[in-house]
Number of protein chains: 2
Amino acid sequence: MKKSLKNNSKVPATSGQSSAATAILDVAERLAQTRGYNGFSYADIAAELDVTKASLHYHFPSKEALGRALVERYRTAFAGALDAIDRSAGEPAAMLRGYVDLYRSVMANDRMCLCGMLAAEFSTLPASMQAELIRFFDMNERWLAGVLENGRRSGAFSYRESAGDRARVIIGALEGAMLVARSYRDADRFSAAAAHVLEELAAAR
Amino acid sequence: MKKSLKNNSKVPATSGQSSAATAILDVAERLAQTRGYNGFSYADIAAELDVTKASLHYHFPSKEALGRALVERYRTAFAGALDAIDRSAGEPAAMLRGYVDLYRSVMANDRMCLCGMLAAEFSTLPASMQAELIRFFDMNERWLAGVLENGRRSGAFSYRESAGDRARVIIGALEGAMLVARSYRDADRFSAAAAHVLEELAAAR
DNA sequence: GTCTATAGGTGGATAGAC
DNA sequence: GTCTATCCACCTATAGAC
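Enquirer: Go over the relation of the copies chain A and chain B, please, and point to the residues and values.
Expert: Once turned by 180 degrees and shifted 0.0 Å along the axis, chain A lies on chain B with an RMSD of 0.0 Å. The two molecules are tied by a two-fold rotation axis, judged by turn and shift. In this assembly the copies share their binding face: 100% of the residues contributing to the interface of chain A also contribute to that of chain B.

Here is the structure:
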(Lines give C-alpha, C1' and ligand atoms only; values in the text may rest on other atoms or scores of the structure.)
Protein backbone atom coordinates (compact mmCIF):
# COMPACT_ATOMS: atom_id res chain seq x y z
CA MET A 1 0.00 0.00 0.00
CA LYS A 2 1.36 3.35 -1.06
CA LYS A 3 2.05 5.93 1.59
CA SER A 4 1.82 9.53 0.43
CA LEU A 5 4.83 11.68 1.07
CA LYS A 6 2.69 14.83 0.93
CA ASN A 7 2.90 17.10 3.93
CA ASN A 8 -0.49 16.61 5.58
CA SER A 9 0.52 17.71 9.06
CA LYS A 10 -0.92 20.88 10.56
CA VAL A 11 2.46 21.95 11.88
CA PRO A 12 5.12 23.19 9.46
CA ALA A 13 7.94 20.77 8.73
CA THR A 14 11.04 21.07 10.84
CA SER A 15 13.27 23.39 8.85
CA GLY A 16 11.95 24.67 5.55
CA GLN A 17 11.70 21.12 4.22
CA SER A 18 8.39 19.45 3.46
CA SER A 19 7.68 16.36 5.50
CA ALA A 20 8.06 14.42 2.27
CA ALA A 21 11.56 15.75 1.76
CA THR A 22 12.33 15.00 5.38
CA ALA A 23 11.19 11.40 5.05
CA ILE A 24 13.36 10.99 1.96
CA LEU A 25 16.36 12.54 3.66
CA ASP A 26 15.90 10.31 6.69
CA VAL A 27 16.09 7.15 4.60
CA ALA A 28 18.85 8.48 2.36
CA GLU A 29 20.87 9.51 5.38
CA ARG A 30 20.75 6.07 6.91
CA LEU A 31 21.67 4.46 3.60
CA ALA A 32 24.53 6.90 3.05
CA GLN A 33 25.86 6.28 6.54
CA THR A 34 25.76 2.52 6.22
CA ARG A 35 26.47 1.94 2.51
CA GLY A 36 28.04 5.17 1.28
CA TYR A 37 26.86 7.70 -1.28
CA ASN A 38 27.83 5.37 -4.13
CA GLY A 39 26.24 2.44 -2.33
CA PHE A 40 22.58 3.43 -2.55
CA SER A 41 20.20 4.47 -5.31
CA TYR A 42 16.87 6.21 -5.78
CA ALA A 43 15.40 2.73 -6.17
CA ASP A 44 16.50 1.80 -2.63
CA ILE A 45 14.82 4.85 -1.13
CA ALA A 46 11.71 4.42 -3.25
CA ALA A 47 11.33 0.80 -2.15
CA GLU A 48 11.60 1.68 1.52
CA LEU A 49 9.11 4.52 1.32
CA ASP A 50 6.85 2.60 -1.07
CA VAL A 51 6.79 5.35 -3.67
CA THR A 52 8.20 5.60 -7.19
CA LYS A 53 11.59 6.95 -8.18
CA ALA A 54 9.88 9.68 -10.19
CA SER A 55 8.30 10.94 -7.01
CA LEU A 56 11.69 11.28 -5.39
CA HIS A 57 12.95 13.29 -8.35
CA TYR A 58 10.15 15.79 -7.72
CA HIS A 59 11.66 16.60 -4.31
CA PHE A 60 15.32 16.19 -5.25
CA PRO A 61 15.81 16.61 -9.00
CA SER A 62 19.23 15.02 -9.03
CA LYS A 63 21.24 12.76 -6.77
CA GLU A 64 23.71 15.57 -6.34
CA ALA A 65 20.93 17.80 -4.99
CA LEU A 66 19.92 15.03 -2.62
CA GLY A 67 23.50 14.48 -1.52
CA ARG A 68 24.08 18.18 -0.94
CA ALA A 69 20.91 18.46 1.14
CA LEU A 70 22.04 15.42 3.10
CA VAL A 71 25.38 16.91 4.15
CA GLU A 72 23.88 20.36 4.74
CA ARG A 73 21.28 18.96 7.09
CA TYR A 74 23.81 16.78 8.86
CA ARG A 75 26.18 19.68 9.35
CA THR A 76 23.40 21.94 10.61
CA ALA A 77 22.15 19.31 13.03
CA PHE A 78 25.69 18.76 14.28
CA ALA A 79 26.15 22.50 14.74
CA GLY A 80 22.96 22.51 16.78
CA ALA A 81 24.28 19.72 18.97
CA LEU A 82 27.50 21.64 19.54
CA ASP A 83 25.47 24.72 20.48
CA ALA A 84 23.51 22.63 22.96
CA ILE A 85 26.76 21.50 24.56
CA ASP A 86 27.92 25.11 24.69
CA ARG A 87 24.76 26.09 26.54
CA SER A 88 24.47 23.14 28.93
CA ALA A 89 27.86 21.87 30.00
CA GLY A 90 30.21 24.16 31.84
CA GLU A 91 33.50 22.33 32.34
CA PRO A 92 35.67 21.75 29.26
CA ALA A 93 35.99 18.11 30.30
CA ALA A 94 32.22 17.73 30.33
CA MET A 95 31.97 19.45 26.97
CA LEU A 96 34.51 17.09 25.49
CA ARG A 97 32.60 14.13 26.89
CA GLY A 98 29.50 15.56 25.26
CA TYR A 99 31.34 15.81 21.96
CA VAL A 100 32.57 12.24 22.12
CA ASP A 101 29.06 11.09 23.00
CA LEU A 102 27.78 12.57 19.75
CA TYR A 103 30.00 10.13 17.92
CA ARG A 104 29.14 7.32 20.29
CA SER A 105 25.43 7.71 19.58
CA VAL A 106 26.07 7.50 15.83
CA MET A 107 27.99 4.27 16.34
CA ALA A 108 25.32 2.94 18.71
CA ASN A 109 22.87 3.44 15.88
CA ASP A 110 24.92 1.08 13.70
CA ARG A 111 26.03 3.91 11.47
CA MET A 112 29.21 5.57 10.36
CA CYS A 113 29.54 9.33 10.73
CA LEU A 114 28.03 10.61 7.47
CA CYS A 115 30.97 12.88 6.79
CA GLY A 116 33.54 10.24 7.64
CA MET A 117 31.83 7.95 5.15
CA LEU A 118 31.76 10.65 2.49
CA ALA A 119 35.40 11.47 3.17
CA ALA A 120 36.27 7.98 1.96
CA GLU A 121 34.36 8.61 -1.27
CA PHE A 122 35.61 12.19 -1.52
CA SER A 123 37.19 12.04 -4.97
CA THR A 124 34.00 10.61 -6.49
CA LEU A 125 31.67 13.25 -5.03
CA PRO A 126 30.20 16.27 -6.83
CA ALA A 127 32.09 19.46 -6.00
CA SER A 128 29.15 20.89 -4.07
CA MET A 129 29.26 17.94 -1.68
CA GLN A 130 33.02 18.14 -1.32
CA ALA A 131 32.69 21.77 -0.26
CA GLU A 132 30.03 20.93 2.33
CA LEU A 133 32.24 18.20 3.71
CA ILE A 134 35.14 20.57 4.26
CA ARG A 135 32.79 22.96 6.04
CA PHE A 136 31.78 20.14 8.38
CA PHE A 137 35.32 19.24 9.34
CA ASP A 138 36.38 22.88 9.65
CA MET A 139 33.47 23.53 11.98
CA ASN A 140 34.36 20.54 14.14
CA GLU A 141 37.97 21.56 14.33
CA ARG A 142 37.13 25.15 15.26
CA TRP A 143 34.69 24.17 17.99
CA LEU A 144 36.95 21.51 19.44
CA ALA A 145 39.98 23.79 19.41
CA GLY A 146 37.99 26.32 21.45
CA VAL A 147 37.16 23.72 24.08
CA LEU A 148 40.76 22.55 24.17
CA GLU A 149 42.02 26.12 24.67
CA ASN A 150 39.63 26.70 27.54
CA GLY A 151 40.56 23.41 29.11
CA ARG A 152 44.24 24.18 28.98
CA ARG A 153 43.70 27.66 30.45
CA SER A 154 41.65 26.24 33.30
CA GLY A 155 44.17 23.50 33.94
CA ALA A 156 41.74 20.70 33.09
CA PHE A 157 43.60 19.60 29.98
CA SER A 158 47.25 19.14 29.22
CA TYR A 159 48.69 18.77 25.73
CA ARG A 160 51.78 19.86 23.85
CA GLU A 161 50.73 20.85 20.33
CA SER A 162 48.48 23.72 19.28
CA ALA A 163 44.79 23.42 20.08
CA GLY A 164 44.02 23.22 16.37
CA ASP A 165 46.50 20.42 15.80
CA ARG A 166 45.19 18.50 18.75
CA ALA A 167 41.63 18.99 17.55
CA ARG A 168 42.59 17.41 14.23
CA VAL A 169 44.18 14.47 16.02
CA ILE A 170 41.01 13.90 18.03
CA ILE A 171 38.67 14.14 15.06
CA GLY A 172 40.81 11.73 13.07
CA ALA A 173 41.04 9.31 15.97
CA LEU A 174 37.27 9.26 16.49
CA GLU A 175 36.46 8.90 12.80
CA GLY A 176 39.05 6.16 12.36
CA ALA A 177 37.99 4.25 15.44
CA MET A 178 34.45 4.27 14.13
CA LEU A 179 35.55 3.23 10.66
CA VAL A 180 37.40 0.15 11.88
CA ALA A 181 34.97 -0.75 14.67
CA ARG A 182 32.16 -0.98 12.15
CA SER A 183 33.90 -3.86 10.35
CA TYR A 184 33.71 -5.77 13.63
CA ARG A 185 30.16 -4.61 14.38
CA ASP A 186 31.57 -3.79 17.79
CA ALA A 187 30.60 -0.51 19.44
CA ASP A 188 32.89 -1.31 22.39
CA ARG A 189 35.89 -1.02 20.12
CA PHE A 190 34.86 2.54 19.46
CA SER A 191 34.15 3.30 23.09
CA ALA A 192 37.59 2.12 24.15
CA ALA A 193 39.21 4.49 21.67
CA ALA A 194 36.90 7.30 22.77
CA ALA A 195 37.87 6.72 26.41
CA HIS A 196 41.51 6.88 25.41
CA VAL A 197 41.01 10.28 23.75
CA LEU A 198 39.45 11.65 26.94
CA GLU A 199 42.01 10.21 29.36
CA GLU A 200 44.94 11.31 27.26
CA LEU A 201 43.96 14.93 27.76
CA ALA A 202 43.42 14.79 31.50
CA ALA A 203 45.96 17.02 33.22
CA ALA A 204 46.35 14.95 36.39
CA ARG A 205 48.42 11.89 35.52
CA MET B 1 47.39 0.87 -29.79
CA LYS B 2 46.55 -2.23 -27.80
CA LYS B 3 49.05 -3.48 -25.30
CA SER B 4 48.93 -7.24 -24.69
CA LEU B 5 48.56 -8.35 -21.10
CA LYS B 6 50.10 -11.73 -21.88
CA ASN B 7 53.06 -12.74 -19.76
CA ASN B 8 55.99 -12.40 -22.18
CA SER B 9 58.72 -11.96 -19.61
CA LYS B 10 61.40 -14.62 -19.16
CA VAL B 11 61.17 -14.36 -15.39
CA PRO B 12 58.12 -15.79 -13.63
CA ALA B 13 55.61 -13.24 -12.34
CA THR B 14 56.05 -12.12 -8.78
CA SER B 15 53.81 -14.47 -6.81
CA GLY B 16 51.86 -17.03 -8.74
CA GLN B 17 50.07 -14.30 -10.70
CA SER B 18 50.62 -13.78 -14.41
CA SER B 19 52.03 -10.41 -15.36
CA ALA B 20 48.66 -9.67 -16.93
CA ALA B 21 46.88 -10.31 -13.65
CA THR B 22 49.48 -8.18 -11.90
CA ALA B 23 48.93 -5.26 -14.25
CA ILE B 24 45.19 -5.51 -13.72
CA LEU B 25 45.59 -5.65 -9.96
CA ASP B 26 47.92 -2.66 -10.00
CA VAL B 27 45.36 -0.47 -11.72
CA ALA B 28 42.43 -1.85 -9.73
CA GLU B 29 44.32 -1.30 -6.51
CA ARG B 30 44.93 2.35 -7.23
CA LEU B 31 41.31 2.86 -8.26
CA ALA B 32 40.03 1.07 -5.17
CA GLN B 33 42.28 3.13 -2.92
CA THR B 34 41.22 6.45 -4.45
CA ARG B 35 37.57 5.83 -5.42
CA GLY B 36 36.51 2.80 -3.41
CA TYR B 37 35.40 -0.66 -4.51
CA ASN B 38 31.99 0.68 -5.56
CA GLY B 39 33.63 3.62 -7.29
CA PHE B 40 35.37 1.87 -10.15
CA SER B 41 34.36 -0.60 -12.87
CA TYR B 42 35.87 -3.07 -15.29
CA ALA B 43 35.48 -0.34 -17.91
CA ASP B 44 37.81 1.97 -15.97
CA ILE B 45 40.52 -0.66 -15.78
CA ALA B 46 40.08 -1.69 -19.39
CA ALA B 47 40.40 1.92 -20.58
CA GLU B 48 43.62 2.46 -18.64
CA LEU B 49 45.24 -0.75 -19.87
CA ASP B 50 43.83 -0.34 -23.37
CA VAL B 51 42.22 -3.76 -23.43
CA THR B 52 38.59 -4.89 -23.47
CA LYS B 53 36.44 -5.68 -20.48
CA ALA B 54 36.09 -9.26 -21.71
CA SER B 55 39.83 -9.68 -21.46
CA LEU B 56 39.72 -8.69 -17.81
CA HIS B 57 37.04 -11.28 -17.14
CA TYR B 58 39.41 -13.94 -18.42
CA HIS B 59 41.82 -13.16 -15.57
CA PHE B 60 39.22 -12.32 -12.92
CA PRO B 61 35.86 -13.92 -13.77
CA SER B 62 33.90 -11.72 -11.40
CA LYS B 63 34.41 -8.42 -9.63
CA GLU B 64 34.25 -10.29 -6.36
CA ALA B 65 37.18 -12.46 -7.45
CA LEU B 66 39.09 -9.32 -8.39
CA GLY B 67 38.24 -7.66 -5.10
CA ARG B 68 39.27 -10.70 -3.09
CA ALA B 69 42.60 -10.92 -4.94
CA LEU B 70 43.09 -7.23 -4.28
CA VAL B 71 42.76 -7.48 -0.51
CA GLU B 72 44.71 -10.74 -0.37
CA ARG B 73 47.64 -9.23 -2.23
CA TYR B 74 47.50 -6.07 -0.15
CA ARG B 75 47.47 -8.01 3.10
CA THR B 76 50.33 -10.24 1.97
CA ALA B 77 52.42 -7.26 0.88
CA PHE B 78 51.72 -5.56 4.18
CA ALA B 79 52.73 -8.70 6.06
CA GLY B 80 55.96 -8.69 4.09
CA ALA B 81 56.61 -5.10 5.07
CA LEU B 82 56.04 -5.96 8.71
CA ASP B 83 58.45 -8.87 8.40
CA ALA B 84 61.03 -6.53 6.91
CA ILE B 85 60.66 -4.23 9.90
CA ASP B 86 61.02 -7.21 12.21
CA ARG B 87 64.29 -8.15 10.54
CA SER B 88 65.83 -4.70 10.14
CA ALA B 89 64.91 -2.42 13.02
CA GLY B 90 65.92 -3.34 16.53
CA GLU B 91 64.41 -0.80 18.88
CA PRO B 92 60.63 -0.87 19.40
CA ALA B 93 60.57 2.90 18.79
CA ALA B 94 62.27 2.43 15.42
CA MET B 95 59.87 -0.38 14.56
CA LEU B 96 56.91 1.82 15.36
CA ARG B 97 58.33 4.59 13.21
CA GLY B 98 58.69 2.05 10.43
CA TYR B 99 55.06 1.06 10.88
CA VAL B 100 53.85 4.64 10.74
CA ASP B 101 55.97 5.22 7.66
CA LEU B 102 54.10 2.46 5.86
CA TYR B 103 50.96 4.53 6.24
CA ARG B 104 52.79 7.73 5.40
CA SER B 105 53.98 6.32 2.09
CA VAL B 106 50.41 5.34 1.15
CA MET B 107 49.27 8.88 1.88
CA ALA B 108 52.25 10.34 -0.01
CA ASN B 109 51.04 8.35 -2.99
CA ASP B 110 47.70 10.18 -2.87
CA ARG B 111 45.91 7.07 -1.77
CA MET B 112 43.85 5.87 1.14
CA CYS B 113 44.82 2.64 2.87
CA LEU B 114 43.00 0.01 0.80
CA CYS B 115 41.54 -1.66 3.87
CA GLY B 116 40.50 1.61 5.46
CA MET B 117 38.66 2.46 2.26
CA LEU B 118 37.01 -0.95 2.15
CA ALA B 119 36.09 -0.67 5.83
CA ALA B 120 33.88 2.28 4.89
CA GLU B 121 32.13 0.15 2.28
CA PHE B 122 32.12 -2.92 4.49
CA SER B 123 28.39 -3.63 4.49
CA THR B 124 28.24 -3.57 0.68
CA LEU B 125 31.16 -5.97 0.16
CA PRO B 126 30.95 -9.68 -0.72
CA ALA B 127 31.47 -11.89 2.32
CA SER B 128 34.82 -13.15 1.04
CA MET B 129 36.18 -9.60 0.99
CA GLN B 130 34.79 -8.85 4.43
CA ALA B 131 36.64 -11.85 5.80
CA GLU B 132 39.91 -10.76 4.20
CA LEU B 133 39.47 -7.30 5.66
CA ILE B 134 39.14 -8.64 9.18
CA ARG B 135 42.28 -10.72 8.68
CA PHE B 136 44.13 -7.54 7.70
CA PHE B 137 43.12 -5.62 10.78
CA ASP B 138 43.70 -8.59 13.08
CA MET B 139 47.19 -9.00 11.67
CA ASN B 140 47.99 -5.33 12.19
CA GLU B 141 46.70 -5.41 15.73
CA ARG B 142 48.68 -8.54 16.61
CA TRP B 143 51.93 -7.21 15.19
CA LEU B 144 51.54 -3.80 16.74
CA ALA B 145 50.61 -5.22 20.13
CA GLY B 146 53.83 -7.23 20.07
CA VAL B 147 55.91 -4.13 19.42
CA LEU B 148 54.07 -2.26 22.15
CA GLU B 149 54.70 -5.05 24.66
CA ASN B 150 58.41 -5.10 23.87
CA GLY B 151 58.60 -1.34 24.12
CA ARG B 152 56.97 -1.29 27.51
CA ARG B 153 59.23 -4.06 28.79
CA SER B 154 62.33 -2.23 27.59
CA GLY B 155 61.12 1.04 29.05
CA ALA B 156 60.90 2.77 25.67
CA PHE B 157 57.12 3.09 25.73
CA SER B 158 54.68 4.04 28.42
CA TYR B 159 50.92 3.46 28.21
CA ARG B 160 48.14 2.49 30.56
CA GLU B 161 45.80 0.14 28.68
CA SER B 162 46.55 -3.35 27.37
CA ALA B 163 48.89 -3.60 24.38
CA GLY B 164 46.01 -4.88 22.27
CA ASP B 165 43.75 -1.98 23.20
CA ARG B 166 46.49 0.53 22.51
CA ALA B 167 47.21 -1.14 19.17
CA ARG B 168 43.56 -0.63 18.22
CA VAL B 169 43.72 3.00 19.21
CA ILE B 170 46.78 3.54 17.05
CA ILE B 171 45.37 1.77 14.01
CA GLY B 172 42.15 3.74 14.26
CA ALA B 173 44.00 7.02 14.70
CA LEU B 174 46.18 6.42 11.64
CA GLU B 175 43.30 5.28 9.44
CA GLY B 176 41.12 8.18 10.53
CA ALA B 177 43.86 10.77 10.12
CA MET B 178 44.36 9.52 6.59
CA LEU B 179 40.66 9.50 5.87
CA VAL B 180 40.18 13.13 6.85
CA ALA B 181 43.51 14.40 5.50
CA ARG B 182 42.58 13.11 2.05
CA SER B 183 39.61 15.48 1.87
CA TYR B 184 42.09 18.34 2.27
CA ARG B 185 44.62 16.78 -0.09
CA ASP B 186 47.10 17.51 2.68
CA ALA B 187 49.68 14.89 3.60
CA ASP B 188 50.98 17.15 6.39
CA ARG B 189 47.70 16.74 8.23
CA PHE B 190 48.38 13.05 8.33
CA SER B 191 52.01 13.46 9.35
CA ALA B 192 51.05 15.67 12.28
CA ALA B 193 48.70 13.01 13.57
CA ALA B 194 51.33 10.32 12.98
CA ALA B 195 53.88 12.32 14.98
CA HIS B 196 51.38 12.61 17.80
CA VAL B 197 50.92 8.84 17.93
CA LEU B 198 54.68 8.36 18.26
CA GLU B 199 55.27 11.06 20.86
CA GLU B 200 52.34 9.98 22.96
CA LEU B 201 54.01 6.64 23.57
CA ALA B 202 57.45 7.96 24.46
CA ALA B 203 58.22 7.09 28.07
CA ALA B 204 60.31 10.19 28.85
CA ARG B 205 57.89 13.09 29.26
C1' DG C 1 44.62 -14.43 -24.24
C1' DT C 2 42.21 -11.21 -26.45
C1' DC C 3 38.71 -9.86 -29.36
C1' DT C 4 33.55 -8.56 -31.02
C1' DA C 5 29.08 -8.76 -29.86
C1' DT C 6 25.60 -9.03 -26.84
C1' DA C 7 22.73 -10.23 -22.89
C1' DG C 8 20.22 -8.82 -18.75
C1' DG C 9 20.17 -5.74 -15.14
C1' DT C 10 20.34 -1.30 -12.81
C1' DG C 11 21.75 3.52 -12.63
C1' DG C 12 19.90 8.50 -12.77
C1' DA C 13 16.65 11.15 -15.07
C1' DT C 14 12.43 13.05 -17.79
C1' DA C 15 7.64 13.58 -20.17
C1' DG C 16 3.15 13.79 -19.54
C1' DA C 17 -1.29 11.92 -17.47
C1' DC C 18 -3.92 12.27 -13.28
C1' DG D 1 2.67 15.35 -5.64
C1' DT D 2 2.57 11.07 -7.42
C1' DC D 3 2.00 8.04 -11.01
C1' DT D 4 3.21 5.15 -15.58
C1' DA D 5 6.13 4.72 -19.10
C1' DT D 6 10.27 5.28 -21.07
C1' DC D 7 15.16 6.82 -22.24
C1' DC D 8 19.94 6.17 -22.42
C1' DA D 9 24.14 5.28 -20.21
C1' DC D 10 26.59 2.12 -17.69
C1' DC D 11 27.19 -2.10 -15.03
C1' DT D 12 28.82 -7.14 -14.63
C1' DA D 13 29.08 -11.06 -17.20
C1' DT D 14 29.10 -14.60 -21.12
C1' DA D 15 29.39 -16.86 -25.92
C1' DG D 16 32.07 -17.79 -29.51
C1' DA D 17 35.49 -16.32 -33.24
C1' DC D 18 40.42 -15.65 -33.85
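Enquirer: Please provide a residue-by-residue account of helix 9 (residues 187-201) of chain A, values included.
Expert: Residues and elements named next belong to chain A. Relative to the 21 Å expected for 15 residues at 1.5 Å per residue, helix 9 spans 22 Å between its end C-alpha atoms, a close match to the ideal helical length. Taken residue by residue, helix 9 has Arg-189, Phe-190, Ala-193, Ala-194, His-196, Val-197, Glu-200 and Leu-201 as its buried positions. For helix 9, the angular spread of the buried residues around the axis is 150 degrees, confining them to a single face. Within helix 9, the exposed residues directed more than 90 degrees away from the buried face are Asp-188 and Glu-199. For helix 9, the N-terminal capping position is held by Asp-186, with its side-chain oxygen 2.9 Å away from the main-chain nitrogen of Asp-188.

Enquirer: Describe the packing of aromatic side chains, with residues and values.
Expert: Residue and element names in this part refer to chain B. As enumerated under the stated definition, the model contains 18 aromatic pairs over all chains in all. On the basis of an interplanar angle of 85 degrees and a centroid distance of 6.2 Å, the ring pair of Tyr-37 and Phe-40 is categorised as edge-to-face. Exposure class is identical for Tyr-37 and Phe-40. Each is buried. Judged by centre distance (5.5 Å) and plane angle (75 degrees), the rings of Phe-136 and Phe-137 are edge-to-face.

Enquirer: With reference to specific residues and values, describe the interface of chain A and chain B.
Expert: With 36 residues of chain A at the contact, the number on the chain B side is 36 residues. Considering only the side of chain A, the residues that lose the most area to chain B are A:Leu179, A:Ser183 and A:His196, jointly responsible for 17% of the buried surface there. The interface formed by chain A and chain B contains 2 salt bridges. Note that A:Arg189 and B:Glu141 form a salt bridge whose closest N and O atoms lie 3.4 Å from each other. In this structure, the connection of chain A to chain B is made through 10 residue pairs in polar contact (both at pLDDT 80 or more). Among the elements of the structure, helix 1 (19-35), helix 6 (114-120), helix 7 (127-154), helix 8 (163-183) and helix 9 of chain A are those that each provide at least two residues to the side of chain A that touches chain B. When residues in the side of chain A that touches chain B are grouped by element, the largest group, 12 residues, is from helix 8 of chain A. By residue class, the composition of the side of chain A that touches chain B is 15 nonpolar, 9 polar and 12 charged.

Enquirer: Give a description of unusual backbone geometry that names residues and reports values.
Expert: Look at A:Arg185: it is not a glycine, yet its phi comes out positive at around 50 degrees. Within the secondary structure, A:Arg185 is located in the loop between helix 8 and helix 9. Positive phi, close to 60 degrees, is recorded for B:Asp110, a residue that is not glycine. On the secondary structure map, B:Asp110 appears in the loop between helix 5 (92-108) and helix 6 (114-120). On the basis of relative accessible area, B:Asp110 is assigned to the exposed category, the value being 59%.

Enquirer: Kindly report on the nonpolar core, identifying the contributing residues and their values.
Expert: Generally speaking, a soluble globular protein has its nonpolar side chains buried in company with each other. Core analysis: the largest hydrophobic core is formed by 143 residues, its most contacted members being A:Ile45 and B:Ile45. Each residue touching A:Ile45, except ones within four places of it in the same chain, is listed here: A:Ile24, A:Val27, A:Ala28, A:Leu31, A:Phe40, A:Leu56 and A:Leu66.

Enquirer: Go over the pattern of salt bridges with me, naming the residues and quoting the values.
Expert: When the charged atoms of two side chains with opposite charge come close together, those side chains can pair. Using the criterion set out here, one finds 24 salt bridges over all chains in the structure. Among the salt bridges present, the one from A:Glu29 reaches A:Arg73, with a minimum N-O distance of 3.6 Å. Within this pair, whereas A:Glu29 is found in helix 1, its partner A:Arg73 is found in helix 4 (residues 63-88), the two being separated by 44 residues in sequence. A relative accessible area of 22% places A:Arg73 in the partly exposed class. Between B:Arg104 and B:Asp101 there is a salt bridge, and its shortest N-O distance comes to 3.0 Å.

Enquirer: How would you sum up the packing of helix 5 (residues 92-108) of chain A against helix 7 of chain A? Please name residues and give values.
Expert: Helix-helix packing is characterised by the crossing angle of the two axes and by the distance between the axes. Residues and elements named next belong to chain A. At a minimum axis separation of 9 Å, helix 5 and helix 7 run at an interaxial angle of 150 degrees. What the angle tells us is that helix 5 and helix 7 run roughly antiparallel. The two elements helix 5 and helix 7 cross, and the hand of that crossing is left-handed. Residues Pro-92, Met-95, Leu-96, Tyr-99 and Tyr-103 of helix 5 pack against Asn-140, Trp-143, Leu-144, Val-147, Asn-150, Gly-151 and Ser-154 of helix 7. In terms of residue class, the contact of helix 5 with helix 7 is built from 8 nonpolar, 4 polar and no charged.

What counts and what doesn't
Residues numbered from 1 in each chain as written. Chains lettered and ligands numbered in written order. Predicted model: local features only at pLDDT ≥ 70, side-chain atom pairs only at ≥ 80, totals over all residues. Heavy atoms only, no water. Least-squares fit on C-alpha atoms with pLDDT ≥ 70 in both. Contact = heavy atoms within 4.5 Å. Helix = DSSP H or I, 4+ residues; strand = E, 2+ residues; numbered from the N terminus. Expected span 1.5 Å × (residues − 1). Buried < 20%, exposed > 50% of the residue type's maximum accessible area, 1.4 Å probe, protein only. Arc of directions from axis to C-beta. Polar contact = N/O pair within 3.5 Å; in protein donor to acceptor, adjacent residues only side chain to side chain. Phe/Tyr/Trp six-rings, centres within 6.5 Å; stacked < 30°, edge-to-face > 60°. Buried area = accessible area lost by both parts, 1.4 Å probe. Salt bridge = Lys/Arg side-chain N within 4 Å of Asp/Glu carboxyl O. Nonpolar A, V, L, I, M, F, W, Y, C, P; charged D, E, K, R; others polar. Core = buried A, V, L, I, M, F, W, Y, C linked by side-chain atoms within 4.5 Å. Axes fitted to C-alpha atoms, helices over the stretch in contact; angles between N-to-C directions. Parallel < 35°, antiparallel > 145°, perpendicular 65-115°, else oblique. Left-handed = near helix turned anticlockwise from the far one by under 90°.

Nothing here speaks to function; it is geometry throughout.
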